[in-house]
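# Overview (structure and organization)
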Amino acid sequence: VWDTVSGEVAHRVELSSGYVRCVAWSPDGKSIAVALNDKSFEIWNVADEIWNVADWRRDRTFDFNVHDVSWSPDGKWLAVCHFHLVKTWNTDTWEPGPEFLHPYHSGLRWGPDSKQLVSAGPETWCVVWDLETGQQIRKFRGADARWIKVWLSANEKWFVTLNPYSIQVWDAKVPGHPIQSLGY
């Protein structure tokens, strides 16, 4: 972890195992969620510069490597995705929340109201999920290469997918084709 003022390393986090696939800060800046390649994730408490993993916050129940972790904007939910499953936890109680099954997940992003979650995967599917019902709201399918990341706009009107060859902009309310593709 780097000090943004001095540019120096402020703290080196010692992981329990594996290498890091993804990290995400909690909205309040007190925790870091770390996705590891050993089928697990960890939550690090960084408040008051206490760098440790709470016992419950190490989850090794996944069948495949964890691909992404994402905190809801209100900080009340954490979503973790791996091969075919997205798991959520209520961060007030750390009780499990809804789980979302999909052929493959590699990217997650929350809507700004923390009620919708978007997942993308390399099988060119992107799905918008409703946290309250646990149901799929909309499903989008692209025609080109696998999607590896997804972002939802603040007004939830658009989402953007990234794959190895292009960036695509979609109307989040209307399943269909991307409204814009930017190749690189």
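Scroll up to find the structure this text is about.
Before going into details, it helps to say that this report is about the structure given with it. Quick caveat: nothing in here was measured; it's all calculated off a predicted structure.

## Section: the overall build of the protein chain
Counting secondary structure elements, the protein chain contains zero helices and 16 strands. When burial is assessed residue by residue, the protein chain has 43% of its 184 residues classed as buried. For the protein chain, the share of sequence-separated contacts (at least 6 apart) that also reach a separation of at least 24 residues comes to 32%. Carbon together with sulfur atoms contributes 52% to the accessible area of the protein chain, which is approximately 9,500 Å² in total.

## Points about the sheet that holds strand β13 (residues 149–152)
Where strands meet in a sheet, backbone hydrogen bonds hold them as pairs that are either parallel or antiparallel. The strand order β13-β14-β15-β16 describes an open sheet built from four strands, whose pairing is antiparallel. Pairing within the sheet leaves two strands with one partner each, and these edge strands are β13 and β16 (180–183). When the angles between neighbouring strand axes are averaged without regard to direction, this sheet yields 15°. In the sheet, strand β15 (residues 166–171) pairs with β16 via four bridges, with the strands oriented antiparallel. If you follow Ser-166 over to β16, its bridge partner there is Gly-183.

## A short note on the pairing of strand β12 (residues 136–141)
As judged from the five bridges shared by strand β11 (residues 125–130) and β12, these two strands associate in the antiparallel manner. The partner of Trp-125 across the bridge, within β12, is Arg-141. Between β11 and β12, which pair antiparallel in sequence order, lie five residues; one of them, Gly-134, sits at a positive phi of approximately 75°.

## Observations concerning unusual backbone geometry
The phi torsion at Trp-94 lies on the positive side, around 60°, for a residue other than glycine. Along the polypeptide, Trp-94 turns up in the loop between β7 (85–90) and β8 (96–101). What makes Trp-94 buried here is its relative accessible area of 19%. Phi at Ser-114 is positive, roughly 65°, even though this residue is not glycine. Relative to the helices and strands, Ser-114 resides in the loop between β9 (107–110) and β10 (116–120). Overall, the relative accessible area of 4% leaves Ser-114 in the buried class.

## With respect to the pattern of salt bridges
Per the stated rule, a full pass over the model turns up one salt bridge. Here Asp-68 makes a salt bridge to Arg-109, at a shortest N to O gap of 3.2 Å. Residue Asp-68 is found in strand β5 (residues 66–71), and its partner Arg-109 is found in strand β9; the two are separated by 41 residues along the sequence.

## Let's talk about the packing of aromatic side chains
Applying the stated criterion across every chain yields a total of two aromatic pairs. Ring geometry for Trp-71 against Trp-94: centres 6.4 Å apart, planes inclined by 80°, an arrangement best described as edge-to-face. Separated by 23 residues along the polypeptide, Trp-71 in strand β5 and Trp-94 in the loop between β7 and β8 bring together distant segments of the chain. For Trp-71, a relative accessible area of 10% translates into the label buried. Plain terms: the ring middles of Phe-100 and Trp-129 are 4.8 Å apart, the flat faces sit at 35° to each other, and that makes the pair tilted. In this pair, Phe-100 sits in strand β8 while Trp-129 sits in strand β11, placing the two residues 29 residues apart along the sequence. Taking the relative accessible area as the measure of exposure, Phe-100 reaches 1% and is therefore buried.

## Let's talk about the nonpolar core
Counting residues in each nonpolar core, the largest one holds 13 residues, and the members touching the most others are Ala-33, Phe-41, Ile-43, Val-69, Trp-71, Leu-78 and Val-80. Counting residues per element, the ones that place at least two in this core are β1 (20–25), β2 (31–36), β3 (41–45), β5 and β6 (77–82). Per-element accounting of this core gives the leading share, three residues, to β5. Formed by 11 residues, the second largest nonpolar core is a distinct cluster that contains Phe-100, Leu-108, Trp-110 and Val-127.

Calculation rules
Residues numbered from 1 in each chain as written. Predicted model: local features only at pLDDT ≥ 70, side-chain atom pairs only at ≥ 80, totals over all residues. Heavy atoms only, no water. Helix = DSSP H or I, 4+ residues; strand = E, 2+ residues; numbered from the N terminus. Buried < 20%, exposed > 50% of the residue type's maximum accessible area, 1.4 Å probe, protein only. Contact = heavy atoms within 4.5 Å. Areas by Shrake-Rupley, 256 points an atom, 1.4 Å probe, with all protein chains shown as cover. Pairing = 2+ DSSP bridges. Axes fitted to C-alpha atoms, helices over the stretch in contact; angles between N-to-C directions. Salt bridge = Lys/Arg side-chain N within 4 Å of Asp/Glu carboxyl O. Phe/Tyr/Trp six-rings, centres within 6.5 Å; stacked < 30°, edge-to-face > 60°. Core = buried A, V, L, I, M, F, W, Y, C linked by side-chain atoms within 4.5 Å.

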